[in-house]
Amino acid sequence: MRLPIRNYLSTPLTIFIEPICDQYEVPVGGEAIVTLEDGHPHSIDVHPDQWVSIWNEGQELAQVEIFNEHQFSMPIKKAD
């Protein structure tokens, strides 16, 4: 399972992958792609202090790719 997480905040976003507690920082305007093993339960908790916790219950370690704002297309803003 591939899980994209975009950071639209004005500060970096921290992602924790549990139970190992791997930590990744997504820059302002950046994106993380978290790849988890299919067929196993996972949970995601979003916290108001600019961090996300992902509980990986698969046997394989999660893979995380971090991209800055120039490596993916931003949504187009509509004029008011």
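From a predicted model like this one, the values you see are computed outputs, not experimental measurements.

S.K.: Give me the packing of aromatic side chains: which residues, what numbers.
M.R.: Under the defined criterion, the tally for this structure stands at one aromatic pair. For the ring pair F16 and W51, a centre distance of 5.3 Å and an interplane angle of 90° mean the geometry is edge-to-face. Taken together, the residues F16 in strand β2 (residues 13-18) and W51 in strand β6 (residues 51-56) connect sequence positions 35 residues apart. A residue is classified by how much of its surface remains accessible, and F16, at 18% relative accessible area, is buried.

S.K.: Explain the pattern of salt bridges residue by residue, including any values.
M.R.: Inspection of the entire model under this criterion finds two salt bridges. For R2, the salt bridge identified is with E65, shortest N-O distance 3.9 Å. One end of the pair, R2, is in strand β1 (residues 2-6); the other, E65, is in strand β7 (residues 63-67), and 63 residues separate them in sequence. Ionic pairing is found between R6 and E31, a salt bridge with its closest N-O pair at 3.4 Å. Of this pair, R6 sits in strand β1 while E31 is found in strand β4 (residues 31-35), placing the two residues 25 residues apart along the sequence. Given the relative accessible area of 31%, R6 is considered partly exposed.

Rules and cut-offs
- Residues numbered from 1 in each chain as written.
- Predicted model: local features only at pLDDT ≥ 70, side-chain atom pairs only at ≥ 80, totals over all residues.
- Heavy atoms only, no water.
- Phe/Tyr/Trp six-rings, centres within 6.5 Å; stacked < 30°, edge-to-face > 60°.
- Helix = DSSP H or I, 4+ residues; strand = E, 2+ residues; numbered from the N terminus.
- Buried < 20%, exposed > 50% of the residue type's maximum accessible area, 1.4 Å probe, protein only.
- Salt bridge = Lys/Arg side-chain N within 4 Å of Asp/Glu carboxyl O.

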